[in-house]
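Architecture at a glance
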Amino acid sequence: MVDRPKPFYLLGILIALFPIGLRAQVNVDYKNAINRIKDGHTYIVGFTPILSNKEAFLDIFQKYWTITKDVSFISPNDLPDRLDPADSYFVVTREIDGEARGTEAVDASIALWMPKNRVLRKRKSFSNATDNFIGSIVLTQNVHYSGRRIADTVGANSIGYWSRGNLKNFLQEFSAAILSGKKADVSDDITDKDQLKLLQSQTLYCSPDVFFQSTSNRDKAKFIKEVFRDYPYPYSVISIDQLSAKILADKEPFYYLIYLHNHVAGNVVAIMNSRTGQLIYSRTKSSFTDEIKPEYLKDIFKGVN
């Protein structure tokens, strides 16, 4: 369990890097964190389903997490004996919240911690009392599991709705924010006008899975068409596996749409550069619903032309 303002429970991991880009989707609470972590080892504290599939993720860590000396997996059981203030530790946390529809909503984040001292402790957790919270990546929107165990959402190539390709980009973004030496917040507004103008002729990709939580029984094709009704430029809807493969193949940079509905982050609409992990657009929207709305996409090009 990670002690934050609301209860978080240890789940698993994932991270990476690219020294470029603006920030959002991420929180960085520790200024100049790079000076503390660069000479240490990074441990990925693995939830059991992650450890059983770690080969599917390890290449992502090794290729994109290079701001520390090395990176490796450890079991949560080994954590108390491996705590060192010179090292950093990634965990995936989850916040569970009940909803009016009788389903269970789970917000997932990737959190980076450093122990404050060498005192060994028995509990397999991090807290602000004993550790430095460096920052986190908001991993997914509210996922309504409807009675499914959290472990059931962790597969060989994804955690919940997020694939290895998505995570590559999120981790690039997180690393860039840390390298900037500044604090960052998921609610930061981002507008890269030069890159947004490219979407007037380039295809914007999206996966319908990103938009569906409690509404998963709806006609997805019809819903996506409605979402894009006011979007005037080319777009393409592909599966989460196709999107992941396209990101990792990296034959050419492209842009894809991200939508987060999260108790911590709120409703976030963003567009990601697949090669760099840079967000070229991000806005936090106030809404009582967890659904993406057509006007969110219509708003993207306000003030760009």
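Residues numbered from 1 in each chain as written. Predicted model: local features only at pLDDT ≥ 70, side-chain atom pairs only at ≥ 80, totals over all residues. Heavy atoms only, no water.

**Comments concerning the pattern of salt bridges**
- The full count for this structure, using the stated rule, is four salt bridges.
- Here Arg-229 ties to Glu-226 by a salt bridge, and the two come within 2.1 Å at their closest N and O atoms.
- Ionic pairing is found between Arg-275 and Asp-250, a salt bridge with its closest N-O pair at 2.9 Å. Placement of Arg-275 in the loop between strand 17 (266–273) and strand 18 (279–285) and of Asp-250 in the loop between helix 8 (240–249) and strand 16 (255–262) is noted, with a sequence separation of 25 residues between them.
- For Asp-250, a relative accessible area of 27% corresponds to the partly exposed category.
- One continuous salt-bridge network, built from bridges that share partners, spans Glu-226, Arg-229 and Asp-230. (Salt bridge = Lys/Arg side-chain N within 4 Å of Asp/Glu carboxyl O. Helix = DSSP H or I, 4+ residues; strand = E, 2+ residues; numbered from the N terminus. Buried < 20%, exposed > 50% of the residue type's maximum accessible area, 1.4 Å probe, protein only.)

**Focus on the pairing of strand 4 (residues 41–45)**
- Burial analysis of strand 4 places five of its five residues in the buried class, which makes it a mostly covered element.
- Residues His-41, Tyr-43 and Val-45 of strand 4 are buried on one face, and the alternating residues Thr-42 and Ile-44, pointing to the opposite face, are buried as well.
- Of the pairings in the sheet, the one linking strand 4 to strand 5 (residues 70–74) comprises five bridges and is parallel in character. Residue pairing in the sheet places His-41 in a bridge with Asp-70 of strand 5. (Pairing = 2+ DSSP bridges.)

**Section: the environment of Ser-239**
- In this fold, Ser-239 is placed in the loop between strand 15 (235–237) and helix 8.
- The spacing of Ser-239 and Asp-209 is 30 residues in sequence and 7.4 Å in space, taken between C-alpha atoms.

**Looking at the packing of helix 3 (residues 55–64) against helix 5 (residues 164–180)**
- It is at 11 Å that the axes of helix 3 and helix 5 come closest, and there the two elements cross at 25 degrees. With respect to helix 5, the element helix 3 is oriented roughly parallel. Note on packing geometry: the crossing formed by helix 3 with helix 5 is right-handed. Facing Ala-56, Phe-57, Asp-59, Ile-60 and Tyr-64 of helix 3, the residues of helix 5 in contact are Arg-164, Leu-167, Lys-168, Gln-172 and Ser-175. (Axes fitted to C-alpha atoms, helices over the stretch in contact; angles between N-to-C directions. Parallel < 35°, antiparallel > 145°, perpendicular 65-115°, else oblique. Left-handed = near helix turned anticlockwise from the far one by under 90°. Contact = heavy atoms within 4.5 Å.)

**Brief notes about the packing of aromatic side chains**
- All chains considered together, the criterion is met by 16 aromatic pairs.
- For the pair Tyr-43 and Tyr-89, a centre-to-centre distance of 5.5 Å together with 20 degrees between the ring planes defines the contact as stacked. Of this pair, Tyr-43 sits in strand 4 while Tyr-89 sits in strand 6 (residues 88–98), and the two are 46 residues apart along the sequence.
- Judged by its relative accessible area of 9%, Tyr-43 is buried.
- Here the aromatic rings of Phe-90 and Phe-174 are separated by 6.2 Å at their centres, their planes lie at 70 degrees, and the arrangement is edge-to-face. With Phe-90 in strand 6 and Phe-174 in helix 5, this residue pair connects regions lying 84 residues apart in the sequence.
- Exposure remark for Phe-174: the relative accessible area of 0% places this residue in the buried category.
- Grouping aromatic residues by their ring pairs yields a cluster made of Tyr-43, Tyr-89, Trp-113, Phe-126 and Phe-133. (Phe/Tyr/Trp six-rings, centres within 6.5 Å; stacked < 30°, edge-to-face > 60°.)

The values reported here are purely geometric and, on their own, carry no functional implication.
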